[in-house]
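Chain by chain, the residues:
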Amino acid sequence: MSPTIPYEYKYLRAKKRFPHVWCPGCGIGIVMGSIIRAVDAMGWDKDDIVMVSGIGCTSRMPVYVDFNTLHTTHGRGLAFGTGVKMANPRLNVMAVMGDGDSLAIGGNHIIHAARRNIDITAIIVNNNNYGMTGGQFSPTTPPGAKTSTTPYGMIEPGFDVCKLMDGAGASFVARGTVYHVTELDNMILKAFRKKGFSVVEALAPCPTNFGRANRLGGPVEMMQLLKDNTINLSQLKAMKPDQTEGKIVRGIFVDRDSISYGDRYAALCENARIGSGG
Amino acid sequence: MIVPWGETRLVQGNEAVALGAVAAGIGFFAGYPITPSTEIAELLAKYMPLLDKKWIQMEDEIASISALIGGRLAGSKSMTATSGPGFSLMQEGLGYACMTEVPIVVVNVMRGGPSTGLPTQAAQGDVMQARWGTHGDHPVIALAPCNVKECFELTIRAFNLSEIFRTPVILLPDEIIGHMRERVRFPLEEDVDVVPMPVPDVPVEWYEHYHESTSNVSPMASFGSGYRYHVTGLTHDKDGFPTRKEDEVIAKMERLKHKITRRLDELEDVQMHDVEESSVVIFAYGSVYRSALAAQAILKKKRKTVGIFRPVTLWPFPDRTVKEMLDSKDVVLVPELNQGQIIHEVERMTRDSVRVVPLHRIDGYEITPEEIVDAVMEVI
Ligand SMILES: Cc1ncc(C[n+]2csc(CCOP(=O)(O)OP(=O)(O)O)c2C)c(N)n1
Ligand code: SF4
Ligand SMILES: [Mg+2]
């Protein structure tokens, strides 16, 4: 009897592109697994999926999945994705990005993608630092944390990705972690189902850089931290304010229906033609 | 009908660029407003929805060129229009398009620089940026129109060349050309040569995104057409996947170079007037070429013969023809709306005995025929 191969493999460039570049204990591969399971649940044809990314450890993901894959320049994944989606609205476009990629150099692009409500799912792997370049601080590095460019501790406040995206107008905003995998699978699936701009922030460990710089232990200890330091929305409701101190909340924060950019553009074309009598 | 096929109209240069884009089959425009190019974006915002084509104003020029590349990968001919400050921001995307061999058209209506410079006035200060602005060795094609009709024609040619060579093409009108109005007789639609987007015809499993062919260019599949492939700005192999193997890196980089340098005949486009019989030649492009023509006529009346050499395709530079035609001249006068850029290329291609003389104008105004006449009289 031949061993059963997990169904996820049929979405991978399994023979050609592995082994992958990620460190042992890195959280990015787990997010990739969640994406694949959500894609499978959607029943999408691989030919109709485009995964774009920027630059960083997270942004190396497209090379491993058997979709149309576009590894772009640092921070610009969503801008490239906007072009793809506009040129061919039939394609299912997702963007995978690191916290630096999406919120520092790509910060302008993500707020405008959210404001336009372009029909793209953005998946942000938040490992609280710039993994690829050796662990410099990012816009989500917590206050006080050590990184290679904050040897005396981080003095800048960080972004709350979900609040930022809510304020900018995204249709769907959620935060999960790579410890709570089933929950993350579900969030990504719901994000894919949503018309308009959807964002899932996935908290993930970078043991090699952030973990080591802050003496957080190895991959297992960092996973434990994701378990201990986060609460879901119902836990939040049940807890007293002083109990939630320092906890990061997981859950779906925004889920609203607003017309996507693509639909508004299609209506504009229609109206323009009627107006011009053509 | 947006393009007035077969009709005669009074048209602005930028308008002719927009009409040329429509004629070439533009499917996607992404841009960010900037003088003196804005009319192109504005007119396309009006035309494109009528044709069910996609138009978007992005948050900046980096986003614009990035979106363009995405748009072309998804199967739409794509163009943007900008000017100096925006062109600087687009260098990142230009390099990406060169490296990943995605055909796009970038119009840079040149204004005075550096920095914000002279927003409403003319310059030719970006010709070297067009050649070398993005980092790394890379191929470049750039065309410089000299009148409104050419804005139309060369925009179509820019689209065609971008598809034929699978590379970004830069159109470089200066502000004078972009903003001038002229009577243009538009051709009949059937007389215009529009190159369709090449598509692969091999079975999916045989497809190589960067297939090595004798032309050094292979047809590019679009996302969603059933050929799944990977695109990366990292140096890559024939299938598009990152590589650091020496032979694959060298093969990629040499092919990028050779696809231009081995097909120069298809790219070279020069106009010459009385060059052979003259010992003094004016080397001019863009709006300055117009003044050179007028200067030549004035000089003719004074019984002085001068030649004019005009590159229409600026990059790749017409090395061989410059050498062949100008290497035996006494004087080559190079008037430019900058402090001396293309002149270095002319110097590079001519022996020391040829006096290569600059004529600059950098105050945002045109070089007049009289200035050229005076400069010629001084050197002969
Ligand atoms: C324009 C530009 N600036 C800087 C870099 C260098 N760089 C590569 S990845 C990176 C940060 C990546 O951090 P993040 O987006 O958080 O991704 P991670 O590696 O943590 O997944 C930087 C600064 C680059 N590639 N391009
Ligand atoms: S450096 Fe950090 S983010 Fe990058 S692969 Fe290693 S663990 Fe993952
Ligand atoms: Mg990161």
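Residues numbered from 1 in each chain as written. Chains lettered and ligands numbered in written order. Predicted model: local features only at pLDDT ≥ 70, side-chain atom pairs only at ≥ 80, totals over all residues. Heavy atoms only, no water.

Topic: the overall build of chain B
Here is step 1: From N to C terminus, chain B includes 14 helices and 17 strands.
Here is step 2: A compact globule built from 380 residues should have a C-alpha radius of gyration of about 21 Å, and chain B, at 21 Å, falls within 12% of that.
Here is step 3: With the C-alpha coordinates aligned to their principal axes, the bounding extent of chain B is approximately 70 × 50 × 40 Å.
Here is step 4: For chain B, with 380 residues in total, the buried portion stands at 62%.
Here is step 5: Within chain B, contacts between residues at least 6 apart in sequence are counted, and of these 77% link residues at least 24 apart.
Here is step 6: When the accessible surface of chain B is totalled, it reaches about 14700 Å², and 50% of it is carbon and sulfur.
Here is step 7: One finds the centroid of the 38 positive side-chain charges in chain B at a distance of 2 Å from the centroid of its 53 negative side-chain charges. (Helix = DSSP H or I, 4+ residues; strand = E, 2+ residues; numbered from the N terminus. Rg over C-alpha atoms; globule rule 2.2 N^0.38 Å. Buried < 20%, exposed > 50% of the residue type's maximum accessible area, 1.4 Å probe, protein only. Contact = heavy atoms within 4.5 Å. Areas by Shrake-Rupley, 256 points an atom, 1.4 Å probe, with all protein chains shown as cover. Lys, Arg positive; Asp, Glu negative; His and termini not counted. Charge placed at Lys NZ, Arg CZ, Asp CG, Glu CD.)

Focus: the nonpolar core
Here is step 1: Met165(A), Phe197(A), Phe29(B), Leu44(B), Met79(B) and Phe283(B) are the most contacted members of the largest nonpolar core, which has 134 residues in total.
Here is step 2: Residue contributions to this core reach at least three from each of two domains, namely domain 1 (8-191) and domain 2 (271-379) of chain B.
Here is step 3: Each residue touching Leu44(B), except ones within four places of it in the same chain, is listed here: Ala18(B), Val22(B), Ile26(B), Phe29(B), Pro49(B), Trp55(B) and Met79(B).
Here is step 4: By size, the runner-up hydrophobic cluster in this structure holds 39 residues, among which are Met32(A), Ile49(A), Phe67(A) and Ala174(A). (Core = buried A, V, L, I, M, F, W, Y, C linked by side-chain atoms within 4.5 Å. Domains from an automatic or database assignment.)

Thoughts on the interface of chain A and chain B
Here is step 1: Every contact between the two is made by 39 residues of chain A and, on the other side, 37 residues of chain B.
Here is step 2: Taking both partners together, chain A and chain B bury about 3300 Å²; carbon and sulfur atoms supply 58% of that area.
Here is step 3: Together, His71(A), Phe80(A) and Tyr265(A) form the three largest contributors to the area buried by chain A at its contact with chain B, with a combined 16%.
Here is step 4: Here chain A and chain B share five salt bridges between them.
Here is step 5: Between Arg116(A) and Glu59(B) there is a salt bridge whose closest N-O contact spans 2.7 Å.
Here is step 6: At the junction of chain A and chain B, the tally comes to 19 residue pairs in polar contact (both at pLDDT 80 or more).
Here is step 7: Elements with a minimum of two residues in the side of chain A that touches chain B: β2 (68-71), α3 (77-87), α5 (107-116) and α11 (261-275) of chain A.
Here is step 8: Per element, the largest residue contribution to the side of chain A that touches chain B is seven residues, and it comes from α3(A).
Here is step 9: For the side of chain A that touches chain B, the class distribution of residues is 17 nonpolar, 12 polar and 10 charged. (Buried area = accessible area lost by both parts, 1.4 Å probe. Salt bridge = Lys/Arg side-chain N within 4 Å of Asp/Glu carboxyl O. Polar contact = N/O pair within 3.5 Å; in protein donor to acceptor, adjacent residues only side chain to side chain. Nonpolar A, V, L, I, M, F, W, Y, C, P; charged D, E, K, R; others polar.)

Notes on the site of ligand 1
Residues and elements named next belong to chain A.
Here is step 1: Around ligand 1, a shell composed of 16 residues is seen, among which Cys57, Thr58, Asp99, Asp101 and Gly131 lie nearest.
Here is step 2: At 2.9 Å from an oxygen atom of ligand 1 is found a side-chain nitrogen or oxygen belonging to aspartate 99.
Here is step 3: Between ligand 1 and the protein, one listed contact pairs an oxygen atom with a backbone N or O atom of aspartate 101 at 2.6 Å.
Here is step 4: For the shell around ligand 1, the elements supplying multiple residues, two or more each, are α4 (99-105) and β5 (129-130).
Here is step 5: Broken down by element, the residue count for the shell around ligand 1 peaks at four residues, all from α4.
Here is step 6: Here the shell around ligand 1 is built from residues that sort into five nonpolar, nine polar and two charged. (Near = heavy atom within 4 Å.)

Concerning the environment of Val148(B)
Here is step 1: Position of Val148(B) among the secondary structure elements: in helix α7 (residues 148-165).
Here is step 2: The residues touching Val148(B), leaving out its near neighbours within four places in the chain, are Val11(B), Gln12(B), Gly13(B), Ala16(B), Met180(B), Arg181(B), Glu182(B) and Val184(B).

Let's talk about the domain arrangement of chain B
Residue and element names in this part refer to chain B.
Here is step 1: Once the domains are mapped, chain B shows domain 1 (8-191) and domain 2 (271-379).
Here is step 2: Of the residues lining the interface, 28 residues belong to domain 1; the matching set on domain 2 comes to 24 residues.
Here is step 3: Both faces considered, domain 1 and domain 2 share a buried interface measuring about 2000 Å² in area, 55% of it formed by carbon and sulfur atoms.
Here is step 4: Here domain 1 and domain 2 share two salt bridges between them.
Here is step 5: Between glutamate 182 and arginine 290 there is a salt bridge, with its nearest N and O atoms 2.6 Å apart.

Things to note about the coordination of the magnesium ion (ligand 3)
Residue and element names in this part refer to chain A.
Here is step 1: Those protein atoms acting as donors to the magnesium ion (ligand 3) are Asp99 (OD), Asn127 (OD1) and Asn129 (O), and they sit at 2.1 to 2.2 Å.
Here is step 2: One chain supplies every donor for the magnesium ion (ligand 3), spaced along it as D-x27-N-x1-N. Here aspartate 99 is found in helix α4, whereas its partner asparagine 127 is found in the loop between β4 (121-126) and β5, with 28 residues between them in sequence. (Donors = N, O, S within 2.8 Å, 3.2 Å for Na, K, Ca; no water.)

Considerations on unusual backbone geometry
Backbone geometry follows two general trends: most residues other than glycine have a negative phi, and most peptide bonds adopt the trans configuration.
Here is step 1: In this structure, Pro36(B) follows Thr35(B) across a cis peptide bond, with omega equal to 0°.
Here is step 2: With an omega of 5°, the peptide bond running from Gly113(B) to Pro114(B) counts as cis.
Here is step 3: Looking at the element boundaries, Pro114(B) is found in the loop between β6 (111-112) and β7 (118-122).
Here is step 4: Despite not being glycine, Arg215(A) shows a phi value in the positive range, around 50°.
Here is step 5: Note that Arg215(A) resides in the loop between α8 (207-213) and α9 (219-228).
Here is step 6: The backbone of Asp274(B) sits at a positive phi, close to 55°, despite the residue not being glycine.

Concerning the site of ligand 2
Residues and elements named next belong to chain A.
Here is step 1: Surrounding ligand 2, one finds Trp22, Cys23, Cys26, Ile28, Cys57, Asn127, Gly131, Cys206, Pro207, Thr208 and Asn209.
Here is step 2: In terms of residues, the shell around ligand 2 owes the most to one element, α8, which gives three residues.
Here is step 3: Taken together, the residues that form the shell around ligand 2 break down as seven nonpolar, four polar and no charged.

Some remarks on empty space enclosed by the protein
Residues and elements named next belong to chain B.
Here is step 1: Counted according to the given criterion, the structure contains one cavity of 30 Å³ or more.
Here is step 2: By volume, the largest cavity is sized at about 60 Å³.
Here is step 3: Looking at the largest cavity, the residues that line it are Gln91, Leu94, Cys98, Gln129, Ala130, Gly133, Thr134, His138, Pro139, Val140, Pro168 and Ile170.
Here is step 4: When contributions to the lining of the largest cavity are tallied by element, the ones reaching two or more residues are α5 (91-100) and α6 (127-132).
Here is step 5: No other element matches the three residues that α5 contributes to the lining of the largest cavity.
Here is step 6: Looking at the lining of the largest cavity residue by residue, the class counts come to seven nonpolar, five polar and no charged. (1 Å grid on protein atoms, 1.4 Å probe; cavity = no way out; pocket = protein on both sides within 12 Å on 5 of 7 lines; lining within 4 Å. Points joined across faces, edges and corners; volume = space filled by probe spheres on them.)

Comments concerning the packing of α5(A) against helix α6 (residues 161-168) of chain A
Relative orientation and spacing of two packed helices are given, respectively, by the angle between their axes and the distance between those axes.
Residues and elements named next belong to chain A.
Here is step 1: For the pair α5 and α6, interaxial distance at closest approach is 8 Å and the crossing angle is 45°. With respect to α6, the axis of α5 lies oblique. Residues Ile110, Ile111, Ala114 and Arg115 of α5 pack against Leu164, Met165 and Ala168 of α6.
Here is step 2: Its residues placed into classes, the contact of α5 with α6 shows six nonpolar, no polar and one charged. (Axes fitted to C-alpha atoms, helices over the stretch in contact; angles between N-to-C directions. Parallel < 35°, antiparallel > 145°, perpendicular 65-115°, else oblique.)

A closer look at the sheet that holds β4(A)
Picture the strands of a sheet paired through backbone hydrogen bonds; they go either parallel or antiparallel.
Here is step 1: Within the open sheet, the nine strands sit side by side as β9(A)-β10(A)-β7(A)-β8(A)-β4(A)-β3(A)-β1(A)-β2(A)-β11(B). Their pairing is mixed. The open sheet has two free edges, formed respectively by β9 (230-232) of chain A together with β11 (230-232) of chain B, since each of these has just one partner strand. Going from strand to strand, the sheet's axes swing by 20° on average, the running direction of each strand aside.
Here is step 2: Along the sheet, helix α2 (residues 28-42) of chain A contacts β1 (49-53), β3 (92-98), β4 and β8 (198-203) of chain A; its crossing angle with β4(A), the most-contacted strand, is approximately 155°.
Here is step 3: α3(A) rests against β1, β2, β3 and β4 of chain A of the sheet, and its axis sits at about 175° to β3(A). (Pairing = 2+ DSSP bridges.)

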